[in-house]
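# Topology and contacts: notes
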Amino acid sequence: MGMPTDIGIIDTMVGFPSPDRSQVYKFIQPHLRDEESKSFSMPAAYMFKDVPPEIDPEADPVAVVLMNMDAHGVERAMVNVAKDDREAPRRAIRDFPDRFIACAELDPNGGMDTIRLLERLVADFGVRAVTTTPFAYRVAINDARYYPLYAKCVELDLPIFVTAGVPGPRVPMADQKVELIDEVCWFFPELKFVMRHGAEPWEALAVKLMIKWPNLYYSTSAFAPRYYPQAIIDYANTRGADKIIYAGYFPAGLTYDRIFSELPDVAFKDEVWPKFLRTNAERILGLS
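Throughout what follows, the structure given in this document is the object of discussion. Owing to the predicted nature of the structure, the values given are computational and were not obtained by experimental measurement. (Residues numbered from 1 in each chain as written. Predicted model: local features only at pLDDT ≥ 70, side-chain atom pairs only at ≥ 80, totals over all residues. Heavy atoms only, no water.)

Side chains Phe-193 and Met-195 project from strand S6 (residues 193-196) onto one buried face, and the interleaved Val-194 and Arg-196 project onto a second face that is buried too. As judged from the 4 bridges shared by strand S5 (residues 160-163) and S6, these two strands associate in the parallel manner. Paired with Phe-161 across the two strands is Val-194, which belongs to S6. On the question of chirality, the crossover connecting S5 to the parallel S6 by way of helix H7 (residues 180-187) is right-handed. (Buried < 20%, exposed > 50% of the residue type's maximum accessible area, 1.4 Å probe, protein only. Helix = DSSP H or I, 4+ residues; strand = E, 2+ residues; numbered from the N terminus. Pairing = 2+ DSSP bridges. Right-handed = clockwise from strand over helix to strand, strands pointing away.)

The tally for this structure, following the rule as stated, stands at 17 salt bridges. Here Asp-157 and Lys-192 are joined by a salt bridge, their closest N and O atoms 3.1 Å apart. Of this pair, Asp-157 sits in the loop between helix H6 (147-156) and S5 while Lys-192 is found in the loop between H7 and S6, placing the two residues 35 residues apart along the sequence. Under the relative-accessibility criterion, Lys-192 is labelled buried at 15%. One network of salt bridges, in which partners are shared, links Asp-34, Glu-36 and Arg-170. (Salt bridge = Lys/Arg side-chain N within 4 Å of Asp/Glu carboxyl O.)

For the coordinates displayed, the defined rule picks out 17 aromatic pairs. Relative to Phe-276, the ring of Tyr-246 has its centre 5.8 Å away and its plane inclined at 80°; by these criteria the two rings are edge-to-face. Of this pair, Tyr-246 sits in the loop between strand S8 (244-245) and helix H10 (256-262) while Phe-276 sits in helix H11 (residues 272-285), and the two are 30 residues apart along the sequence. For the pair formed by Tyr-246 and Phe-276, the shared burial category is buried. One aromatic cluster is present, built from ring pairs that chain together Tyr-228, Tyr-246, Phe-250, Tyr-256, Phe-260, Phe-268, Trp-273 and Phe-276. (Phe/Tyr/Trp six-rings, centres within 6.5 Å; stacked < 30°, edge-to-face > 60°.)

Right, let's get into the pairing of strand S2 (residues 74-80). In terms of burial, S2 is largely enclosed, as 5 of its 7 residues are buried. In terms of strand pairing, strand S1 (residues 9-11) meets S2 through 3 bridges, oriented parallel. Within the sheet, the bridge partner assigned to Ile-9 lies in S2 and is Val-74. One ladder, built from 4 bridges, connects S2 with strand S3 (residues 100-105); its direction is parallel. Bridge pairing in S3 links Ala-77 to Phe-100. In this fold, the crossover linking S2 to S3 by way of helix H3 (residues 87-95) has right-handed handedness.

This part is about unusual backbone geometry. The step from Glu-200 to Pro-201 runs through a cis peptide bond, and the omega angle for that step is 5°. Along the chain, Pro-201 falls in the loop between S6 and helix H8 (203-212). Cis geometry marks the peptide bond from Phe-250 to Pro-251, where omega comes out at -5°. In this fold, Pro-251 is placed in the loop between S8 and H10. Residue Arg-138 is not a glycine yet carries a positive backbone phi of 55°. Note that Arg-138 resides in the loop between helix H5 (134-137) and H6. For Arg-138, a relative accessible area of 42% puts it in the partly exposed group.

Let's shift gears to the sheet that holds strand S7 (residues 216-219). Each strand in a sheet pairs with its neighbour through backbone hydrogen bonds, running either in the same direction (parallel) or in the opposite one (antiparallel). Strand order in this open sheet of 8 strands is S1-S2-S3-S4-S5-S6-S7-S8, and the pairing throughout is parallel. Both edges of this open sheet fall to S1 and S8, since each of them pairs with a single strand only. Relative to strand S4 (residues 129-132), S3 runs parallel, the two being bridged by 3 bridges. Of the residues in S4, the one forming a bridge with Ala-104 is Val-130.

Contact pair H8 / helix H9 (residues 230-237): the axes reach a minimum separation of 8 Å and the direction vectors enclose 25°. If you check the angle between H8 and H9, you find them roughly parallel. For the crossing formed where H8 meets H9, the hand is right-handed. In this structure, H8 uses Glu-203, Val-207, Met-210 and Ile-211 to contact H9, whose residues at the interface are Ala-231, Ile-232 and Tyr-235. Looking at side-chain class alone, the contact of H8 with H9 contains 6 nonpolar, no polar and 1 charged residues. (Axes fitted to C-alpha atoms, helices over the stretch in contact; angles between N-to-C directions. Parallel < 35°, antiparallel > 145°, perpendicular 65-115°, else oblique. Left-handed = near helix turned anticlockwise from the far one by under 90°. Contact = heavy atoms within 4.5 Å. Nonpolar A, V, L, I, M, F, W, Y, C, P; charged D, E, K, R; others polar.)

The following block contains the structure:
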């Protein structure tokens, strides 16, 4: 049978195109030291050769995203509403609540201010997940500064999507070593923790930890389907069908055309596809 075409896909990582992509990544700029990286509009541009183009300033970014979703069978997309200097995600949530799911990208350095911000975003936008990028905040996954945020996610029953593995941008990797997740899962067994952005080169360890910890998951964000780690595909096809969640990287680094031209060639078993494309996300985000 292969990949189904009528599943109503849930994409757990979607952004909005911008006339100036560098503004989207300005929070990473202070950590870049080499001159080539400073010149990139997308901080990992050396890795992504077909980055979607910046849009015309007159174009409506929400309409552009919806058009791409409709063209490829994506029913719902998770978008970040935490940045108040970008109006498109918040407008998308308010105008199209049946198509967009609110998440909040949060910096653990804010302490209780970060916790209060999360509470406001849950009240105002119905946030259903937290996301965070340890390398960008120079805070390790198991650092004490993350613990109030992890605890709040448990209290609110929100999953947290955490970038893990060697970062694409040219910044130190130490904060995102996959081994650090083990301690977090031990201390917060109720926390739904989702690895983002590959977990490479520790994908075998990521699988071992998912077998060990019931609430540890993996999303396929930031990888073209032809580059999904083989260890993740094998795990999904054996005992991990409930643990692997689809996420794209549109429009940060990949077009939907490329993603969905390659996705049918991923060697998932027939019974894995519905879980991967929809039902795992439904369950973890509390949508079903």
